[in-house]
Amino acid sequence: MEHTHEAHADRGHEPHAAGRHEPHPAGDAGTRADPGTETVEELLREQSRLLRELKVRAGDPSLRTIERRAAQLFADERASLPPATQSTLFNGGYTGLNKLVWLVRALMSWDRYGKECAPPAYGAAELDPWHERWVALTQARAARRSHRAASARTAATADPADPMAPAYPADPTDPAGPADPPPPRTHPADPGPPDAPGPPTSTRPPTGAQPRGNHEPLPTATPAGTAPPSGHPAPETGRSPAPGGGCLALRAVAHTIGRGHLMGLPPLEASDLVVAVAFSPGEALLATSSRDGWVNLWDPVTHVSLARLPTGRQDATTALAFSPDGRLLAAGGPGTLVRLWDPATHAVTGPPLTGRHGTVRAVAFSPDGALLAVACEDGAVRLWDPVTHEPVGEPLTGHRDAVHALAFSPDGTLLATVSRDTTVRLWDPATGAPEGEPLRHQGAVVTVAFSPDGALLATGGRDTTVRLWDPVTHEPAGEPLHHPGAVFAVAFSPDGTLLATGGRDGTARLWDPATGRSVGRPLTGHQGAVYALAFSPDGTLLATGAGDRTVRLWMTPVAARRMTGDAPAPSGPADTAPAS
């Protein structure tokens, strides 16, 4: 576990030994930041500039060299400075104070001639400017969040036609706020959440459907139509189409989406309850897994089933994840094993990852693809090398019940895990050490996601809330979001401007994570609980998987902006989806 930083105020520590190397210009107190006069971006740029100067002064060591040097010097602090973290800092990103100070101390362990010397002691006076600069940056980030939330509240008060008003009218007799819509009819094949006990499951396809082989197209599906009747427009979804120019049909579709009606494309028909969905990084594939143990690969544009991958089991494959380069697809579930496929050839790659640890609840690749994290029923998380199929390090233990979901931060320096024991835990995957104290819900926590910039962590569970956290300070980032019924899935859009939630009520909902307010109307159409969500890499599609044996695709506000010319022209195959 990393140390706390109260020692920065402790002058009892031995100062940096005199004569080892001269004072570093980057540590000069004259560069201290004033949070009242500089923006977050300006503070990050200044910190990046000073770090780069420090790196050059140290002889411009490589990131791997810095990583090894920090691990050697600060072994007692269990320092972890992977290249991804260093790259984040050198390129103007934000990280926790410990990692910033480790980097600064490591760089100061070379003198101006590039010779090794003793680094500043923890809490040395010459580190104070870096500490104060980080404090100013953290305060500026918090102030910006508060300002955005206040602006949204002001706009809502000033404009009675608030585009982000609750999706359903408020019940004047209910002090808790807006009334929830009646839950949709539950599909007979939907026994409840995947981890709930239920009757034995048949692997028979839905009535009237025949098992389809690889490459056999789906029967033509009836379009799902649009979302509920007219309501307030969604925020920042693009201007109304100009009177002239462009395809009239696409302009009309874009206008509909821009008004908050996210249009549903024809649903994909699975053979059983859908418990996981994932887009490949290249957008060419959509993977889905069902309670009957099959993993399906689909073309998200044509809706053709490209392959059915047998998992060798007759019960749910509850976890799916593509590797960052798209060359591997991992799937896990009951039977305590994880299989890896090559999605291009549909062939299994190597032996399964096995163990006597109970059902595999979730899998996730690290951003560099070097690790595969596996969440298990026994409350532990295990790390594997997806190339050698060998375990990496010791299991991460601390949860007292099954781990339902996990996610790596975008820079790979944190791993978040959530459990039925009501806690959220953060880990350093390089050392296996926990990062801070657990975060808590009021019930089992079953889903988790990092925002694309790593500044927010979203967690959802059976207490009907989605909570947003600052993963660095471990403090809440605003009030909880309330989704009617238990929350089974959360996902951030690739640009970080939307957060999608899905749950027991059979709807998916969109939120603005900066303000905590709902965006548009709930996405309705499923006749069972929504268990899985995934945005396409270009952000134009949202896939939802549910207990009614279907996967639905929704065109997002990003698709509207593409159609109206408010964003770069589409380049990927998924961009043709509106024409499906």
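Refer to the structure presented above.
So, a few notes on the structure that sits alongside this text.

1. Things to note about the environment of A546
- With respect to the secondary-structure elements, A546 resides in strand β29 (residues 541-546).
- Taking the relative accessible area as the measure of exposure, A546 reaches 0% and is therefore buried.
- Separated by 18 residues in the primary sequence, A546 and G528 have C-alpha atoms spaced 5.8 Å apart.

2. Here's the deal with the pattern of salt bridges
- In the structure shown here, the tally under the stated rule is 14 salt bridges.
- Of the charged contacts, one joins E46 and R49 as a salt bridge, the two residues approaching to 2.7 Å between their closest N and O atoms. In this pair, E46 and R49 are both assigned in helix α1 (residues 40-57), three residues apart and thus about one turn of the helix distant.
- Accessibility expressed as a relative area gives 23% for E46, which makes it partly exposed.
- A relative accessible area of 38% places R49 in the partly exposed class.
- The partner of E67 in a salt bridge is R64, and the shortest N-O contact between them spans 2.9 Å. Here E67 and its partner R64 are both found in helix α2 (residues 63-73), three residues apart, which amounts to about one turn of the helix.
- Salt bridges sharing partners connect three or more residues here, namely R361, E377, D401 and R420.

3. Some words on the environment of L100
- Residue placement: L100 occurs in helix α4 (residues 97-107).
- Using a relative accessible area of 0% as the deciding quantity, one classes L100 as buried.

4. Points about α2
- Buried within α2 are the following residues: I66, R69 and A70. Each buried residue of α2 sits inside an arc of 95 degrees when the element is viewed along its axis, so together they form one side. Facing away from the buried side of α2 by more than 90 degrees, the exposed set consists of R68 and Q72.

5. A look at the nonpolar core
- Core analysis: the largest hydrophobic core is formed by 30 residues, its most contacted members being L51, I66, L100, L103, V104 and W130.
- Elements supplying a minimum of two residues to this core: α1, α2, α3 (83-90), α4 and α5 (128-158).
- The element contributing the most residues to this core is α4, with eight residues.
- Residues contacting L103, with those up to four places away along its chain left out, are L51, I66, L81, Q86, L89 and F90.
- A270, V274, F279 and A559 belong to the second-largest nonpolar core, a separate cluster that totals 16 residues.

Conventions adopted
- Residues numbered from 1 in each chain as written.
- Predicted model: local features only at pLDDT ≥ 70, side-chain atom pairs only at ≥ 80, totals over all residues.
- Heavy atoms only, no water.
- Helix = DSSP H or I, 4+ residues; strand = E, 2+ residues; numbered from the N terminus.
- Buried < 20%, exposed > 50% of the residue type's maximum accessible area, 1.4 Å probe, protein only.
- Salt bridge = Lys/Arg side-chain N within 4 Å of Asp/Glu carboxyl O.
- Arc of directions from axis to C-beta.
- Core = buried A, V, L, I, M, F, W, Y, C linked by side-chain atoms within 4.5 Å.
- Contact = heavy atoms within 4.5 Å.

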